[in-house]
Amino acid sequence: MPDASPAPAVSGPRRLKLCFVIEKLADRSGGAERVLIETANALADRGHQVELLSHEFRGKPPFYPLRFGVVHTNLRPPRVNRRRIRRHFDALRESLHARFKVVPAPLDRLLWLSKNGGFWRRLERHLAANRPDAVIAFMPPAITALALAEPGYPVRRLASMHNAPEQDFHNPARWDPSPLDRKRRLALMPRMDRILVLLPEYRDWYPPALREKAVVMPNAVTPVAPRLLKRAGRGPLVISVGRLATVKRHELLIDAWARIGAEFPDWELRIFGTGPLEAALKARIEQAGLGGKVRLMGHTQHIMKQYLAASLLAHPAEFEGFPLAVTEALAAGLPVVGFEDCSGVNRLVRDGENGLLVPAAGDRTENFAAALTGLMRDETRRRSLGAAGPASMMDYTPDKVIDLWEDVLGAQQMEAGT
Amino acid sequence: MSRLDVLMPHFRDPEGLALSLASVAGQSWTGDIRIIIVDDGSPGADFRAVEALAAAQELPVVLERNTVNRGRPYTRNRLLDAIDSPYVAWLDAGDVWYPAKIEKQFEQFSRLRLAGEDITRYWITCHYDWQWTGRKPRLIHQDTGERQVRELMLGRKLRAYLWTLLGTAESFRAAGRFDERLPRLQDLDYFLRFVLGGGTLTVPEKTRALCLYHKSDLGRNAREIRRCNRLIRDKYNPHLRIYGPAFLRTIRYNADMLAARFAGNNGERLKQLYYMGSAVADHPKRAVGAMRHHLLRAGK
């Protein structure tokens, strides 16, 4: 029988057209890149149309897999198709960028434009042509480009910050070292409709006018299935997970192990990650005679297996945003040892509940070694701290975090009809 | 039993719709078919005719209506919202499926499944007959080889026509929404997004034409098609640029020549000359080649 029916009213969250912007994404396995892709995938799963924009010469795909339907667009034109004269000009510009990091005014404006103008203009053109409902820029270079872009329609702009604000806005060692860039990073923030910060204390850092725009948007933490937690076979193993870079202070961990290793001959320290300090850390391990007991493991696709096999996560980092390694370890029932003055870590690790916060005063290496020793000797305490980990991460389940994203993006406005 | 939604936009063409509906009813595929028609604000008499057609069908029909004319992309978005079956095919009022179309396309899905492929990442297109008003039908092959973005933009070996497709509901949802700023070429935009999002177009093996497309340029707005082509080039510029400057010149040339053809068929000679001039400026070498080809043909 034919069934000629009137138009049904369609209601539910609005399906949005979203763009995530990040300067570099090709083959990058960092925490922010992972959060970006996981968020983009989860929003695509909820029916939103998602595009990822990057601006880089490397033509490689993202390290983390994209959900079917999520488009990755690299806004930077490939070098190969440029005219020879343009290629020479680009090479000259890049050598100038590398050589002159900081120049006096007014040349600094010229240098800044030469470095950043392409990203901002190309982003502007792309947004004007595609007209997404909202654009989410990850980390300062992309946020600056988004703030300056004038796509010709009222686009919703969101800045997603992935570190403690003082690191993103004031640390000359991070991002572009020129004072002009640092000044502009903060000066352009009022152009954002929302500033997404990882923790409530990061919101309080902003001046009152910006604080109103700041929304706490934690990273999502996937709970570990209880059957896996039950089956976890924890051995005499301490792990550390993170990029081999100065900020993670792996050298402090190696020095601490050199002091306590003799007392725990069965225990092993495995450091997962890659980075610029790999050779230096390897040399330090050899120098301390720790070969075989302290191992650099490189990158692994199966880090959860390690969280379930280890007894402790050592995380002596200097500062963090919302450290994924710490959240994943806690979700996997692994006690975490970190410093009390490390941003991010000191919010997620509750001293004496799901891990230990080591005092910053005095000899840090000695303090860290003492904290590790205490826990390595005391299995009962390790078990009790580990048992509290999964529950402490329940506020950050993917469903809750993606609901929050939809709320911030305006998708929760109910749409009647079509 | 597999279930299929056939999505049909309609505007002021009940006769064409009747032809299309008859071709759906005549399919050799034996699964459950549901037809969804969204009328894009046709005047009362036309809509009444559509209601009568819907009521006369043996297959289940869902009929929806835009209260005013909102354009094809909007209407297609309404059709996307109405999907309820796991498989989806499209058919524009006036175009015709040959009886084996859906059956052959489902066979291709079975082959993909047997090969261990994830079928949500595939759209099955098909070869088709191209029927210009007053001429004999011409068989058009869809060549679904590599570099599908490039081929879709060139539009010679692979063309973006929704009514050739069979896909899963999930695949059509993943491709997003139709861009309501594109009164023309919204199919091309939708296909490009599907392929860039990780999708692949494929054709059933060993088949000839599986549907018939009635083609006419009459009344098609030359300026509009040129504007739509420009918008698509702007939207996908970073993806198109990787094929090099010659490719970019070619697609600009093709767009101008298409606009010139529309203008010519509508009797707008000045506009036609303007667009042809623009095409020559886009790609002089290609223009000279095309002219030589035409002269040689005329000489023969």
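Residues numbered from 1 in each chain as written. Chains lettered and ligands numbered in written order. Predicted model: local features only at pLDDT ≥ 70, side-chain atom pairs only at ≥ 80, totals over all residues. Heavy atoms only, no water.

Draft legend 1. Up close: a nonpolar patch on the surface. On the surface, a cluster of nonpolar side chains totalling about 370 Å² of accessible area is made up of Phe89(A), Leu92(A), Leu96(A) and Phe100(A). With respect to the helices and strands, Phe100(A) occurs in the loop between helix H2 (84–99) and helix H3 (107–130). (Patch = residues over 30% accessible without salt bridge, like charges linked within 9 Å, V, L, I, M, F, W, Y side chains within 5 Å. Areas by Shrake-Rupley, 256 points an atom, 1.4 Å probe, with all protein chains shown as cover. Salt bridge = Lys/Arg side-chain N within 4 Å of Asp/Glu carboxyl O. Helix = DSSP H or I, 4+ residues; strand = E, 2+ residues; numbered from the N terminus.)

Draft legend 2. Molecular detail of the pairing of strand S3 (residues 61–65) of chain B. All names here are of chain B. Among the five residues in S3, four count as buried, and that is most of the element. The pairing of strand S2 (residues 32–39) with S3 spans five bridges and is classified as parallel. Its bridge partner being in S3, Asp39 is matched across the sheet by Arg65. Handedness of the crossover joining S2 and S3 through helix H2 (residues 44–56) is recorded here as right-handed. (Buried < 20%, exposed > 50% of the residue type's maximum accessible area, 1.4 Å probe, protein only. Pairing = 2+ DSSP bridges. Right-handed = clockwise from strand over helix to strand, strands pointing away.)

Draft legend 3. Structural detail: the interface of chain A and chain B. Contacts between chain A and chain B engage 32 residues on the former and 37 residues on the latter. The junction of chain A with chain B conceals about 2,500 Å² of combined surface from both sides, 52% of it contributed by carbon and sulfur atoms. At the boundary of chain A with chain B, the tally comes to one salt bridge. Residues Asp81(B) and Arg15(A) are paired through a salt bridge, measuring 2.5 Å at the closest nitrogen-oxygen approach. Linking chain A to chain B there are seven residue pairs in polar contact (both at pLDDT 80 or more). Secondary structure elements with two or more residues in the side of chain A that touches chain B: strand S3 (71–74) and H3 of chain A. In the side of chain A that touches chain B, the residues fall into 16 nonpolar, 10 polar and six charged. (Contact = heavy atoms within 4.5 Å. Buried area = accessible area lost by both parts, 1.4 Å probe. Polar contact = N/O pair within 3.5 Å; in protein donor to acceptor, adjacent residues only side chain to side chain. Nonpolar A, V, L, I, M, F, W, Y, C, P; charged D, E, K, R; others polar.)

Draft legend 4. Just the domain arrangement of chain B, in detail. Residue and element names in this part refer to chain B. The domain boundaries assigned to chain B delineate domain 1 (3–215) and domain 2 (222–299). Look at where the C-alpha atoms of domain 1 and domain 2 centre, and you get two points 27 Å apart. Facing 19 residues of domain 1, the contacting portion of domain 2 comprises 19 residues. Together, the buried faces of domain 1 and domain 2 total about 1,800 Å²; carbon and sulfur atoms form 68% of this surface. Viewed at the interface, domain 2 and domain 1 are joined by three salt bridges. Between Arg184 and Glu224 there is a salt bridge whose closest N-O contact spans 3.6 Å. Linking domain 1 with domain 2 are three residue pairs in polar contact (both at pLDDT 80 or more). (Domains from an automatic or database assignment.)

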